[in-house]
Amino acid sequence: MQTNRTNILQKISESLRYANRPADAAELLAVSKGQPLSTIEPLIKEGQRAFGENRVQEAADKFSTLRTTTPDLRLHLIGPLQTNKVKVALDLFDVIETVDRPNLVEALAKECAKRGTQPELYIQVNTGDEPQKAGVAPQSLPALLTICHEADLKISGLMCIPPTHEAASIHFAFLAELAKRHNLQKLSMGMSGDFECALHHGSTEVRIGTALFGPREATEITEI
Ligand SMILES: *Cc1c(COP(=O)(O)O)cnc(C)c1O
């Protein structure tokens, strides 16, 4: 099956060039939620290594075997994480992008201390303060960062999903500003419809599903 990867990589590098950023300043995260192995495997053959999934169990079902056949895969959790799934998530994911509350920090810290390792962690920020959306409220970000620090969890970046009915650019600029203020390097922002704009605002990782694979069966984006 033909994918759109080459085309998207080209758009990413053009956007980086126009923004005066180095060619390797951002990477493509292939959002494979709702996609079967028959569409994921060809993408791996094309060289794609970073994948995003929003459900722990779906990711485990699809990637447990792929992980052993392609050891350099990098799996990102981009959906909400329940504390009772922390162990499974730590077994599977290299990056957890959706840290957003103290009890999750506590559960992660406890399990990471036990293992002596931790995955790369980002905090999801609810930049639009939407009641139905996951993510820490912007004004609570400093307190959550302190809690992470005290729990010995290193945070390397921020992630956001802008409100659907507002200009994404405002939210990207805001998230970039927050990252700068707290000295965090990674910025996970930009999806199929707005990744070029996100790259202009400093995104280091664009999360792309539809533009890469075509439409998926209805699985909702992170609104729990
Ligand atoms: C589904 C999803 C995406 C990808 O969305 P597309 O519009 O299909 O590119 C990106 N980020 C998150 C958190 C998602 O849940």
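Rules behind the numbers
- Residues numbered from 1 in each chain as written.
- Predicted model: local features only at pLDDT ≥ 70, side-chain atom pairs only at ≥ 80, totals over all residues.
- Heavy atoms only, no water.
- Near = heavy atom within 4 Å.
- Polar contact = N/O pair within 3.5 Å; in protein donor to acceptor, adjacent residues only side chain to side chain.
- Areas by Shrake-Rupley, 256 points an atom, 1.4 Å probe, with all protein chains shown as cover.
- Nonpolar A, V, L, I, M, F, W, Y, C, P; charged D, E, K, R; others polar.
- Core = buried A, V, L, I, M, F, W, Y, C linked by side-chain atoms within 4.5 Å.
- Buried < 20%, exposed > 50% of the residue type's maximum accessible area, 1.4 Å probe, protein only.
- Contact = heavy atoms within 4.5 Å.
- Helix = DSSP H or I, 4+ residues; strand = E, 2+ residues; numbered from the N terminus.
- Arc of directions from axis to C-beta.
- Pairing = 2+ DSSP bridges.
- Right-handed = clockwise from strand over helix to strand, strands pointing away.
- Salt bridge = Lys/Arg side-chain N within 4 Å of Asp/Glu carboxyl O.
- Expected span 1.5 Å × (residues − 1).

(A) Here's a closer look at the site of the ligand. Contacts to the ligand come from 14 residues, most closely from K33, S192, G209, T210 and R216. Within the side chain of K33, an N or O atom sits 2.7 Å from an oxygen atom of the ligand. S192 is positioned with one of its side-chain polar atoms (N or O) 2.5 Å from an oxygen atom of the ligand. In the complex, the protein chains occlude 95% of the 390 Å² of accessible area that the ligand would expose alone. Taken together, the residues of the shell around the ligand sort by class into seven nonpolar, four polar and three charged.

(B) Representation of the nonpolar core in the model. Ranked by size, the top nonpolar core spans 60 residues in total, and within it F51, L81, F93, I96, L108, I123 and L158 carry the most contacts. Excluding residues within four positions of it along the chain, F51 makes contact with L29, A30, S32, I40, L43, I44, F63, L73, R74, L75 and H76.

(C) Summary view of helix α2 (residues 37–45). Along α2, the positions that sit buried rather than exposed are T39, I40, L43 and I44. For α2, the arc enclosing every buried residue in end-on projection is 140°, short of the 170-degree limit, so these residues lie on one face. Exposed residues lying more than 90 degrees from the buried face of α2 are S38 and K45. Among the structural elements, α1 (5–18), β1 (27–31), β2 (50–53), α3 (56–69) and α9 (210–213) are those in contact with the buried residues of α2. Following α2 by one or two positions, G47 adopts a phi angle in the positive range, close to 110°.

(D) Region of the structure containing the environment of P138. Among the secondary structure elements, P138 is positioned in the loop between β5 (120–124) and α6 (141–150). The exposure class of P138 is buried, given its relative accessible area of 12%. Sequence spacing of P138 and L178 is 40 residues, and the spatial spacing of their C-alpha atoms is 8.4 Å. When residues no more than four places from it in sequence are discounted, the contact partners of P138 are V125, N126, T127, D129 and F174.

(E) Representation of the pairing of strand β3 (residues 74–77) within the structure. Across four bridges, the pairing between β2 and β3 is parallel. Bridge pairing links F51 to L75 in β3. After leaving β2, the chain enters α3 and then returns to the sheet as β3, a path that is right-handed. Bridge count between β3 and strand β4 (residues 95–99): two bridges; the pairing is parallel. Bridging from a neighbouring strand, L77 pairs with I96 of β4. Between β3 and its parallel partner β4, the chain crosses via helix α4 (residues 86–92), and the hand of that crossover is right-handed.

(F) Main features of the pattern of salt bridges. Overall, the coordinates contain 12 salt bridges when judged by the stated rule. Residue R49 is joined to D72 by a salt bridge in which the shortest nitrogen-to-oxygen separation is 3.1 Å. Of this pair, R49 sits in the loop between α2 and β2 while D72 sits in the loop between α3 and β3, and the two are 23 residues apart along the sequence. Residue class for R49 comes out partly exposed when judged on its relative accessible area of 27%. Ionic pairing is found between R115 and E111, a salt bridge with its closest N-O pair at 3.0 Å. On the criterion of helical spacing, the pair formed by R115 and E111 is a turn pair, its members being four residues apart in helix α5 (residues 102–115). Assessed through its relative accessible area of 31%, R115 is described here as partly exposed.

(G) Representation of helix α7 (residues 168–181) within the structure. Under the 1.5 Å per step criterion, the end-to-end length of α7 is 20 Å for 14 residues, consistent within 8% with the ideal 20 Å. Along α7, the residues classified as buried are A168, H171, F172, L175, A176, L178 and A179. An end-on view of α7 places all buried positions within 160° of arc, on one side of the element. Among the exposed residues of α7, those oriented more than 90 degrees off its buried face are I170, K180 and R181. Against α6, β6 (157–159), β7 (186–188) and α8 (195–200) lie the buried residues of α7.

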